[in-house]
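A structural walkthrough
As a plain string of letters, each chain reads:
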Amino acid sequence: MKFFVDTAEIADIKDLAATGLLDGVTTNPSLIAKSGRDFMEVTKEICGIVDGPVSAEVVALDHATMMKEADVLRRIADNVCIKVPLTIDGLKTCKALTGDGTMVNVTLCFSANQALLAAKAGATFISPFIGRHDDNGFDGMDLIRDIRLIYDNYAFETQILAASIRHPVHVLESARIGADVATMPPAVIRGLFKHVLTDKGIEGFLADWARTGQTILK
Ligand code: E4P
């Protein structure tokens, strides 16, 4: 499973990239607004930190303007992945861009039929939003499960990018189902490393080690 971080905060991206476990970054207009940074500048900076796909989202609603915006965004760096909403115009844009060799992440997916359409439009990634689905009384994991089944039935190459992840259990369930990628807020990625028994174990080992009076480094 690939790990993407869902943020436009440079300090977090640098810190997580240093682990060697970060495969890409996703942003959206809300995350750009939260960063307070210029969209083009911050996207360029992120693209220089990670080698993998960096999703940058168009804001136009019509196909012609989406294409123009995508053209500006894809010139930022080779690893820019254009993010489009799951609408008719978004999927027209997806088909045109992927046909041209540009990576596309289709976002705001809330049904397996929408995911089927995105795959038919040649999407590189489909982003089902688990947390927002849960918030509205649906089961986000059922959505991931249905999409996995459908994509496998037809050998679609579109990668399932589990999005709107709120906690480590969303990651665990997505991995069990076989989502290709999970995009997570920095705190969720950091949370994956943690276990109370790991901390307790280290504490016990260090206390016993101190009693030996030895050092490894002389
Ligand atoms: C994905 O690409 C989105 O940016 C993100 O996962 C949305 O998550 P949210 O529902 O926590 O805003």
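Look a little higher up for the structure.
Residues numbered from 1 in each chain as written. Predicted model: local features only at pLDDT ≥ 70, side-chain atom pairs only at ≥ 80, totals over all residues. Heavy atoms only, no water.

Turning next to the site of the ligand. Around the ligand, the surrounding shell consists of Asp6, Thr26, Asn28, Lys83, Phe129, Arg132, Ala163, Ser164 and Arg166. Contact with the protein chains hides 85% of the accessible area of the ligand, taken as 340 Å² for the molecule alone. More than half of the atoms belonging to the ligand lie within 2 Å of the grid points that define the largest pocket. Taken together, the residues of the shell around the ligand sort by class into two nonpolar, three polar and four charged. (Near = heavy atom within 4 Å. Areas by Shrake-Rupley, 256 points an atom, 1.4 Å probe, with all protein chains shown as cover. 1 Å grid on protein atoms, 1.4 Å probe; cavity = no way out; pocket = protein on both sides within 12 Å on 5 of 7 lines; lining within 4 Å. Sits in = over half its atoms within 2 Å of the grid points. Nonpolar A, V, L, I, M, F, W, Y, C, P; charged D, E, K, R; others polar.)

Each pocket or cavity is described by its volume, and for the largest pocket that value is around 270 Å³. Along its surface, the largest pocket is lined by 15 residues, and Asp6, Asn28, Leu31, Arg132 and Ser164 are the ones closest to its centre. (Points joined across faces, edges and corners; volume = space filled by probe spheres on them.)

Strand order around the closed barrel formed by eight strands is E1-E2-E3-E4-E5-E6-E7-E8, with parallel pairing between neighbours. The sheet shows a mean angle of 30° between the axes of neighbouring strands, direction not considered. Bridging between strand E5 (residues 104–109) and strand E6 (residues 125–128) involves three bridges; their strand directions are parallel. Residue pairing across strands places Val106 opposite Ile126, the latter belonging to E6. Strands in contact with helix H6 (residues 112–120) are E5 and E6; relative to E5, the strand with the most contacts, it is inclined by about 165°. (Pairing = 2+ DSSP bridges. Helix = DSSP H or I, 4+ residues; strand = E, 2+ residues; numbered from the N terminus. Axes fitted to C-alpha atoms, helices over the stretch in contact; angles between N-to-C directions. Contact = heavy atoms within 4.5 Å.)

Attention now goes to the packing of helix H8 (residues 140–153) against helix H9 (residues 168–177). Running from N to C, H8 and H9 point in directions that differ by 20°, and their axes come no closer than 10 Å. Relative to H9, H8 is oriented roughly parallel. Read as a crossing pair, H8 and H9 show a hand that is right-handed. Of H9, the residues touching H8 (which contributes Met141, Ile144, Arg145 and Arg148) are His170, Glu173, Ser174 and Ile177. (Parallel < 35°, antiparallel > 145°, perpendicular 65-115°, else oblique. Left-handed = near helix turned anticlockwise from the far one by under 90°.)

To continue, consider helix H11 (residues 196–212). Helical geometry note: an α-helix holds 3.6 residues per turn, so side chains three or four residues apart project in the same direction. Given a rise of 1.5 Å per residue, 17 residues ought to cover 24 Å, and the 25 Å separating the end C-alpha atoms of H11 matches this to within 8%. Phi turns positive one or two residues past the end of H11, at Gly213, with a value near 70°. (Expected span 1.5 Å × (residues − 1).)

Next up on the list: a nonpolar patch on the surface. On the surface, a nonpolar cluster with roughly 590 Å² of combined accessible area is contributed by Ile202, Leu206, Trp209, Ile216 and Leu217. Its location among the elements puts Ile202 in helix H11. (Patch = residues over 30% accessible without salt bridge, like charges linked within 9 Å, V, L, I, M, F, W, Y side chains within 5 Å. Salt bridge = Lys/Arg side-chain N within 4 Å of Asp/Glu carboxyl O.)

Time to look at the pairing of strand E4 (residues 80–85). With six of six residues buried, E4 lies mostly within the body of the structure. Because side chains alternate across E4, one face comprises the buried residues Val80, Ile82 and Val84, and the other comprises Cys81, Lys83 and Pro85, equally buried. Note: strand E3 (residues 54–57) against E4, four bridges, orientation parallel. Across the sheet, residue Ser55 finds its bridge partner in E4, namely Cys81. In this region the chain leaves E3, passes through helix H4 (residues 63–74) and returns to the parallel neighbour E4; the handedness of that crossover is right-handed. Pairing between E4 and E5: four bridges, direction parallel. Of the residues in E5, the one forming a bridge with Ile82 is Val104. (Buried < 20%, exposed > 50% of the residue type's maximum accessible area, 1.4 Å probe, protein only. Right-handed = clockwise from strand over helix to strand, strands pointing away.)

Per the stated rule, a full pass over the model turns up one cavity of 30 Å³ or more. Approximately 40 Å³ is the volume attributed to the largest cavity. Lining the largest cavity are Phe3, Leu16, Thr19, Leu21, Leu22, Ile189 and Phe193. Of the residues in the lining of the largest cavity, the class split is six nonpolar, one polar and no charged.

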